[in-house]
Amino acid sequence: MRAVVLNWNGGRHVLDAVDALRRTDWPPDRLDVVVVDNASSDGSDDALAARGDVELRRSPTNAGFPANNVGLADLDGVDYVALVNNDAFVEPGWLAPLVDALEDDAGVGAACPKLVFAPRFVELAVRAPRHPAPGDPRELALRVSGVEVAGVDRWRHSWFGPGCHGQEAGGRGEERFRWLAPEARLGLPLWDGAQAPVAGRVRLAAPQPVTVAVRWAGGETSVDVGPVPRWVEVCVAGEPFDVVQNAGSLLLEGGWGADRGFLQRDDGRFDEPVDVWAWCGGGVLLRPAYLADVGLFDERFFLYYEDTDL
């Protein structure tokens, strides 16, 4: 069994990814970890070389994601080979179900797991009166432009669920924002095993003065919000949940690829094994005979779609 990790300036992430692989529920002498380094300049390649528990293969240049081929070109005697991103952290029991899927059907060439985002999330529900916007068909109520958890800016790591529209560019005090519908749900992230409850706050604004209700598990607050953005103190409390990054890949009309389940709450709907159109290179177990049949990554791709193509 081989696990291939592709690294380019992975810093602490790639070391944590290897640590997680080494905690796999699998005989250690039957799991080889090969790290392909894409000409890193942050010292992570030297840190990996010093470990002694991985095989480091260096690419002289950054060849993009197809550099995984360096770890896939010599699979004689390898029963299965996994690809794991350098910022993906497997759980101990990740491997056995994928092996079972391949061993149950010799016609299956690849098995992919469910990938979820690194933090877990605690939900906030926001309710405000609808704001009529002539010419805009969306249901709009107010704007959110900031999220903090335990005093740390967590905007880019937050989950914007039902009732949250796409990010837009703003002005002073709202460099970027999202419109919220009259009823919206947000997920505030908890990192590194942090436990709820912790203090948090969200920055809200509305085109005209309104009263906004913000609810969390075990509590709520009502605040007056107007055109000037204001921070609203909340409690990050409740049962944390995961959000899906990929549960297999899709092909959309026009040839676009997409992540099945992307940004959906992990509520059990993706727990059963199913046939999917394609696998995501961020985490997959491959049968060497499958690669021998169809080939390796097309090196004309540098980043994205090389896994969809294969």
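These figures come from a predicted structure and were not determined experimentally.

Draft legend 1. Inspection of the overall build of the chain at higher detail. Counting its regular elements, the chain contains six helices and 21 strands. Principal-axis analysis of the C-alpha atoms gives the chain an extent of 70 × 45 × 35 Å. Here the chain holds 310 residues, and the buried ones make up 46% of them. When the accessible area of the chain is evaluated, it comes to approximately 15700 Å², of which 50% is carbon and sulfur surface.

Draft legend 2. Up close: the sheet that holds strand β7 (residues 120-127). On the basis of which strands lie adjacent, the open sheet formed by five strands has the order β10-β13-β7-β15-β16 and antiparallel pairing. What marks the edges here is a single partner per strand, and that holds for β10 (159-160) and β16 (219-225).

Draft legend 3. Summary view of unusual backbone geometry. Along the chain, Ala196 connects to Pro197 via a cis peptide bond; the corresponding omega equals 5°. Its place among the elements puts Pro197 in the loop between β13 (183-190) and β14 (198-205). Phi angles above zero are rare outside glycine, and Ala39 is one such case at about 60°. Tracing the chain through its elements places Ala39 in the loop between β2 (32-37) and α2 (44-49). Positive phi is not limited to glycine here, since Leu263 has a value of about 65°. Tracing the sequence through the fold places Leu263 in the loop between β20 (257-259) and β21 (283-286). According to the relative accessible area criterion, Leu263 is partly exposed, its value standing at 40%.

Draft legend 4. Molecular detail of a negative patch on the surface. Together, Asp79, Asp100, Glu103, Asp104, Asp105 and Asp275 make up a negatively charged patch on the protein surface. Along the chain, the position of Asp104 falls in helix α4 (residues 95-104). Its relative accessible area of 69% is what places Asp104 among the exposed residues.

Draft legend 5. Examining helix α1 (residues 11-22) more closely. Helix length check: α1, at twelve residues, gives a terminal C-alpha distance of 18 Å against a target of 16 Å (1.5 Å per residue), a fit within 8%. Those residues of α1 not exposed but buried are Val14, Leu15, Ala17, Val18, Ala20 and Leu21. Where α1 is buried, its residues touch β1 (2-7), β2, α2 and β4 (81-85).

Cut-offs and rules
- Residues numbered from 1 in each chain as written.
- Predicted model: local features only at pLDDT ≥ 70, side-chain atom pairs only at ≥ 80, totals over all residues.
- Heavy atoms only, no water.
- Helix = DSSP H or I, 4+ residues; strand = E, 2+ residues; numbered from the N terminus.
- Buried < 20%, exposed > 50% of the residue type's maximum accessible area, 1.4 Å probe, protein only.
- Areas by Shrake-Rupley, 256 points an atom, 1.4 Å probe, with all protein chains shown as cover.
- Pairing = 2+ DSSP bridges.
- Patch = residues over 30% accessible without salt bridge, like charges linked within 9 Å, V, L, I, M, F, W, Y side chains within 5 Å.
- Salt bridge = Lys/Arg side-chain N within 4 Å of Asp/Glu carboxyl O.
- Lys, Arg positive; Asp, Glu negative; His and termini not counted.
- Charge placed at Lys NZ, Arg CZ, Asp CG, Glu CD.
- Expected span 1.5 Å × (residues − 1).
- Contact = heavy atoms within 4.5 Å.

Purely geometric stuff here, so don't read any function into it on its own.
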